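Structural features, examined
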Amino acid sequence: MKKQKLVPEPPNFSRFDLLSEEIVFIILDFLNENPLDKKAFSLVCRSFYAIESRHRKFLKPLRSEHLTKVLNRYPHVSTLDLSLCPRITDASLGVISGSCKEMLRSINLSRSKFFSHLGLSNLAVNCRNLVEIDLSNATELKDLAAAAIAEAKNLERLWLVRCKSITDIGIGCIAVGCRKLRLLSLKWCLGVGDLGVGLIAVKCKDMRSLDLSYLPITNKCLSQILELQNLEDLVLEGCFGIDDDSLKSHKLGCKSLETLDMSSCQNVSHVGLSSLTSAAGSLRQLILSYGSRVDLALVDSLQKLSMLQSIKLDGCQITCSGLKAIGNWCVSLTELSLSKCVGVTDEGLSSLVTKHKDLKKLDITCCRKITHVSLAHITNSCTSLVSLKMESCTLISAEAFVLIGQRCQLLEELDLTDNEIDDEGLKSISRCSRLSSLKLGICLNITDQGLIHIGLCCSKLKELDLYRSAGITDSSISAIARGCSGIEMINIAYCKFISDRSFMSLAKCPKLKTLESRGCPLITSLGLAAVAVGCKQLAKLDVKKCHSIDDAGMIPLAHFSQNLKQINLSYTSVTDVGLLSLASISCLQNMTVLHLEGLTPSGLAAALLACGGLTKVKLQASFKSSLPQLLIEHLEARGCTFQWREKIFRAELDPKCWKLQLADAE
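Residues numbered from 1 in each chain as written. Predicted model: local features only at pLDDT ≥ 70, side-chain atom pairs only at ≥ 80, totals over all residues. Heavy atoms only, no water.

Comments concerning the environment of Asp415
Here Asp415 lies in strand β15 (residues 413-415). Separated by 205 residues in sequence, Asp415 and Leu210 have C-alpha atoms that sit 32 Å apart. Among all residues touching Asp415, those that are not within four sequence positions of it are Leu388, Lys389, Met390, Glu391 and Lys439. (Helix = DSSP H or I, 4+ residues; strand = E, 2+ residues; numbered from the N terminus. Contact = heavy atoms within 4.5 Å.)

Some thoughts on the packing of aromatic side chains
What the rule picks out here adds up to 3 aromatic pairs. Between the aromatic rings of Tyr467 and Tyr494, the centroid separation amounts to 6.0 Å while the plane-to-plane angle is 85 degrees, which identifies the pairing as edge-to-face. Of this pair, Tyr467 sits in the loop between β17 (463-465) and α20 (474-483) while Tyr494 sits in the loop between β18 (489-491) and α21 (500-506), and the two are 27 residues apart along the sequence. Residue Tyr467 is classed as partly exposed on the basis of its relative accessible area of 24%. When its relative accessible area of 8% is taken as the criterion, Tyr494 is described as buried. Here the aromatic rings of Phe642 and Trp644 are separated by 5.4 Å at their centres, their planes lie at 10 degrees, and the arrangement is stacked. For Phe642, a relative accessible area of 10% gives the class buried. When the ring centre of Tyr49 is taken as origin, the NZ or CZ atom of Arg73, which lies over that ring, is 3.7 Å away. Directly above the ring of Tyr571 sits Lys545, whose terminal nitrogen or CZ lies 5.3 Å from the centroid. (Phe/Tyr/Trp six-rings, centres within 6.5 Å; stacked < 30°, edge-to-face > 60°. Buried < 20%, exposed > 50% of the residue type's maximum accessible area, 1.4 Å probe, protein only. Lys NZ or Arg CZ within 6 Å of the ring centre and 35° of its normal.)

Side note on a nonpolar patch on the surface
A contiguous nonpolar surface patch, about 220 Å² in accessible area, is contributed by Leu19, Ile23 and Ile27. Relative to the elements of secondary structure, Ile27 occurs in helix α1 (residues 21-29). Of the residues examined, Ile27 reaches a relative accessible area of 36% and is grouped as partly exposed. (Patch = residues over 30% accessible without salt bridge, like charges linked within 9 Å, V, L, I, M, F, W, Y side chains within 5 Å. Areas by Shrake-Rupley, 256 points an atom, 1.4 Å probe, with all protein chains shown as cover. Salt bridge = Lys/Arg side-chain N within 4 Å of Asp/Glu carboxyl O.)

Here's the deal with helix α19 (residues 448-457)
Among the residues of α19, Asp448, Gly450, Leu451, Ile454 and Gly455 are the ones counted as buried. Each buried residue of α19 lies within a common arc of 165 degrees when the element is viewed along its axis, so the set occupies one face. Turned more than 90 degrees from where α19 packs its buried face, Gln449 and Leu456 sit exposed. Residues of α19 that are buried in the fold lie against α18 (423-429), β16 (437-439) and α20. (Arc of directions from axis to C-beta.)

Re the environment of Ser626
Mapping Ser626 onto the fold places it in the loop between β23 (616-620) and α26 (629-637). The class of Ser626 is partly exposed, set by a relative accessible area of 34%. Sequence separation of Ser626 and Met504 is 122 residues, and the distance between their C-alpha atoms is 39 Å. From its side chain, Ser626 meets the backbone oxygen of Phe623 in a polar contact 3.1 Å long. (Polar contact = N/O pair within 3.5 Å; in protein donor to acceptor, adjacent residues only side chain to side chain.)

Re the UniProt feature "domain: F-box/LRR-repeat protein 15-like leucin rich repeat" (unreviewed entry) in the protein
As recorded in UniProt, the sites labelled "domain: F-box/LRR-repeat protein 15-like leucin rich repeat" (unreviewed entry) are residues 79-186 and 344-477. The span residues 79-186 is 35% helical and 14% strand by assignment, and the distance between its end C-alpha atoms comes to 22 Å. From the first C-alpha to the last, residues 344-477 spans 36 Å; its make-up is 35% helix and 11% strand. (UniProt positions renumbered as here; feature names shortened; annotations may be inferred.)

Looking at the environment of Phe642
Mapping Phe642 onto the fold places it in strand β24 (residues 641-645). Once residues within four sequence positions are removed from consideration, Phe642 is found in contact with Leu608, Val617, Leu619, Ile632, Leu635 and Glu636.

Some thoughts on the nonpolar core
With 191 residues, the main nonpolar core has Ile96, Ile107, Leu160 and Ile225 as its most contacted residues. Non-local contacts of Ile107, meaning those with residues more than four positions away in its chain, are made with Leu80, Leu82, Leu93, Ile96, Leu123, Leu130, Glu132, Ile133 and Asp134. Counting 6 residues, the second largest nonpolar core, distinct from the first, contains Leu28, Phe41, Cys45 and Ile51. (Core = buried A, V, L, I, M, F, W, Y, C linked by side-chain atoms within 4.5 Å.)

Details of the pattern of salt bridges
Tallying each qualifying case throughout the model produces 13 salt bridges. Across the pair Glu65 and Arg63 runs a salt bridge whose closest N-O atoms are separated by 3.8 Å. Looking at Glu65, the relative accessible area reads 54%, which means it is exposed. In this structure, a network of salt bridges that share partners links the residues Glu52, Arg56 and Arg73.

Quick look at the side chain of Arg73
Relative to the elements of secondary structure, Arg73 occurs in helix α4 (residues 67-73). Classification of Arg73 by relative accessible area gives buried; the value is 16%. Within the structure, the side chain of Arg73 is placed 2.9 Å from the side chain of Glu52, a separation counted as a polar contact. If we skip the residues at most four places from it in the chain, Arg73 touches Ser42, Tyr49, Glu52 and Ser53.

Section: the pairing of strand β22 (residues 590-593)
The alternating pattern of β22 places Asn590 and Thr592 and Met591 and Val593 on opposite faces, both of which are buried. Both strand β21 (residues 566-568) and β22 contribute to a ladder of 3 bridges, which runs parallel. Bridge assignment links Gln566 to a residue of β22, and that residue is Asn590. Since β21 and β22 lie parallel, the crossover through helix α24 (residues 576-581) that links them has a hand, and here it is right-handed. As paired elements, β22 and β23 share 4 bridges and run parallel to each other. Bridged to Asn590 within β23 is Lys616. A crossover links β22 with its parallel partner β23, the connecting element being helix α25 (residues 601-610), and its sense is right-handed. (Pairing = 2+ DSSP bridges. Right-handed = clockwise from strand over helix to strand, strands pointing away.)

Some words on unusual backbone geometry
The backbone of Asp418 sits at a positive phi, close to 60 degrees, despite the residue not being glycine. Residue Asp418 is classed as buried on the basis of its relative accessible area, which comes to 10%. In this structure, Lys545 is a non-glycine residue whose phi angle is positive, near 65 degrees. By the secondary structure assignment, Lys545 is in the loop between β20 (540-542) and α23 (551-560).

Side note on helix α5 (residues 90-100)
Inspection of α5 places Ser92, Leu93, Ile96, Ser97 and Cys100 among the buried residues, and these make up the whole buried set. One face of α5 carries all of its buried residues, which in axial projection span an arc of 130 degrees. Those residues of α5 that are buried lie in contact with α4, β2 (79-81), β3 (106-108) and α6 (117-126). Two residues or fewer past α5, Lys101 is found with a positive phi of approximately 50 degrees.

Focus on the packing of α19 against α20
Following both chains from N to C, one finds α19 and α20 inclined at 5 degrees, their axes separated by 8 Å at the closest point. It follows that α19 is roughly parallel to α20 by the angle criterion. Residues Asp448, Leu451, Ile452, Ile454 and Gly455 of α19 lie in contact with α20, whose contacting residues are Ser475, Ser476, Ala479, Ile480 and Gly483. Across the contact of α19 with α20, the residue classes break down as 5 nonpolar, 4 polar and 1 charged. (Axes fitted to C-alpha atoms, helices over the stretch in contact; angles between N-to-C directions. Parallel < 35°, antiparallel > 145°, perpendicular 65-115°, else oblique. Nonpolar A, V, L, I, M, F, W, Y, C, P; charged D, E, K, R; others polar.)

Brief notes about the pairing of β24
When β23 meets β24, the two strands line up parallel, connected through 5 bridges. For Leu619, the partnering residue across the bridge sits in β24 and is Trp644. A crossover links β23 with its parallel partner β24, the connecting element being α26, and its sense is right-handed.

Shown next, in the form of structure tokens:
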């Protein structure tokens, strides 16, 4: 048999070139977890570099000065998120409009400043396919800017949250120019009233979602809003100009409405609410938080809402008869929130949950009058719960928490902050194998013995809060790190027995993004270095009052933690050298450095100047006079905000004493 001759491959040939672009695009779609993965992919070969350039549609740059280069590299970007760029000028918007043109469909400027109506006009004229703009927090923008936005004729979604200088005139321009609007948020636009909102209702007939929170509007425009045939979500939070008299004098109703938020509408009782919801047969979610008293009359006024699935009554005064009446509704609720409600008792809550057995989400945070009786009824009736929040339900005995694990094993989110749960309760809860979020802050009865069971059985855990749970040590944190390697957030603040051993265990959790460990005196730079090397996705780090952390911990952090965005180094032993080393972290935006004894004005100035991406810095007020005024002005012009604190050093209290002080304050 003849040997087949091997044809030599041509020079510069790559087998990857045999893959079609569609196949490579599919591969790239799976590389979204770590922001560095796509960068590594693009460095494989020239063809991958070019394909990755064509594939990327979403871009979130860190610095505005690199926009020209970045947009040339990625010419097919359709979504541009500039929320990490505090300084965006008209020139920046000119670069964007010139580079992206018709490709751009969405832009987020919600954290950016320094641009004007001229830049927005340039953007609207050149980027004709823009359908989404977020201008939230642009407090300096006036009606000229609104008129510029009106040139974006294809706009469908617009956020103007806290644009307090825009008036009815500007909103009128948008109403006339942007007829295709489907979503509009005017929350805290205090210059907008009935006239502007009425024009939106008249001109933008396709409106689906409208947020009018805290606007000085009255019923004059409300009747026009409710005539919108396609309106699905309406937020009227804090609209104090709307009251019972105006609502009941008009026949109102919107058949398409699915979500209605009337939080903090103190002047609307069951009388006005009944008029407003009379024709809302499609309503699925109703939010009445911090509103009028929830009694039998109010609940009866909602009887006709046959499609209702979710109701939120946070912060309301509620009667036992009101709770029982909710239980007697013919509808079957899937979500109920009673957080911080005054008047929730065992009798009312038990009656309610017995009837609504399909509940998926229940929030009874700070319902301080309920006992084990309520928890027994909840766990017995609502076995399909996926979210249970019950922070500070302090009258529930430790033994009752065992029922959660025995009966509600589908739970994915559980908040037991400031409760009497003990190790037996944790052992039972470990049966909830789907748990992704578990909050056990200020739970003084739990120890390693209980938490180890969570580590063994809850492998899907992503968020764990152990704030001030003083009985926790390295053993249980090691068990969590071994069993829950996908954990993304952990809070071990003021767990004083935690040491470097815990940090070395957590270093084996590559997806860890948030690590809060303030007040852990046994943690040193050695442990921090291990975390820096192992947890390259770390974005938020708080090591306040970890006195043994010094410059030796900052060097590896600066080298390996290139995704770090926020850090708190207050009361540590870091000096000028360590702080300056953090300048190599291009993502770093938020820094808190209070009471650093080794920090000098000249060292601080050098570090602030070198950290080019800073947007917020919290400093001791004593530095304000010692830093050059020109430096502060330069940094503020770059987009950095300073918060000066006159904070006096205070010795840390024992957790039990701290909890007693908190109880006395209440």
